[in-house]
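# Summary of the model geometry
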Amino acid sequence: MPLVNMKPLLRHAMDNHYAVAAFNLVDYNTTKAMVKAAEELGAPVICQTSSKTIQYYSHAEIVSWVRTCAENSPVPVVLHLDHCHDLAMIEQCAKSGWTSIMIDASEHPFEKNLELSLRVREIAERYNVGMEAELGQIMGVEDDMVVDEADSVLTDPEDAQRFCAALDLSAFACAVGTAHGYYRGEPVVDFDRIAAINSRTRTPMALHGGTGLSDDTFA
């Protein structure tokens, strides 16, 4: 089937109490592998790209991989731009065929983060694609973004409510104790914070940093 917009997909997932996995592709073979795995499970899948992957290949090349895999598949497939702070790249992805885009302006104060995210909201609406934004700082390494554990800022539920109300997001990325990459110690996920944010925002939550978490944590 054609690539799908992330917003209705994740709204359906939230309403029906299931999660949709997202994986970063690095080439055509990994793209095929993640779609094949989704088919075996009968599940939708989000194929993510980092800014560095796009710079290494090209917009056209990556879109051709994912479209080819999706069009030959019975499961819903999203092509998502993950953690990007370059507005020009974000717009080029939306224009080139990505069905979801993410602005990560989480290193900025709340008002500046919101200002930049609203500019991306306009891009998402212009090209009719899904949108993700982040509030709080998730520890670990993602592309050229490095957040040490001491600098990690967990997301405040009240701020999350204001942020999501202004943006009408497809997915909301927040810091709740997870980390990009491997954990230095035992992961401590703040489930009470997750519940508070979910109750205030009613927006599908993107939980970044699944590596190293136990099956019980996911359940």
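Along each chain, the written sequence defines residue order, and numbers are assigned to residues from 1. For a predicted model such as this one, the threshold for reporting local features is a pLDDT of at least 70, and the threshold for listing and counting side-chain atom pairs is 80 or more; totals across whole chains, interfaces and linings nevertheless cover every residue. The side-chain quantities take in all heavy atoms of the structure and omit both hydrogens and water.

## Quick look at the pairing of strand S8 (residues 171–174)
A 1.4 Å probe rolled over the protein chains alone gives each residue an accessible area, and that area as a share of the maximum for its type sets the label: buried under 20%, exposed over 50%, partly exposed in between. Numbering of helices and strands runs from the N terminus, with a helix taken as a DSSP run of H or I at least four residues long and a strand as a DSSP run of E at least two residues long. A two-sided burial pattern is seen for S8, the buried positions comprising Ala-171 and Ala-173 on one face and Phe-172 and Cys-174 on the other. One bridge is not enough; two strands pair if DSSP finds at least two bridges between them. Sheet topology note: the strand S5 (residues 130–135)/S8 ladder contains 4 bridges and is parallel. When the sheet's bridge partners are listed, Glu-134 is paired in S8 with Ala-173. Pairing geometry for S8 and strand S10 (residues 205–206), over 2 bridges, is parallel. Bridged to Phe-172 within S10 is Met-205.

## Comments concerning the environment of Val-153
For Val-153, the location among the structural elements is in the loop between strand S7 (145–147) and helix H7 (157–167). Judged by its relative accessible area of 43%, Val-153 falls in the partly exposed class. Measuring from C-alpha to C-alpha, the distance between Val-153 and Gly-136 comes to 5.2 Å, with 17 residues separating the pair along the chain. It only takes one pair of heavy atoms within 4.5 Å for two residues to be counted as in contact. With residues up to four places along the chain from it excluded, the contact list for Val-153 reads Gly-136, Gln-137 and Ala-175.

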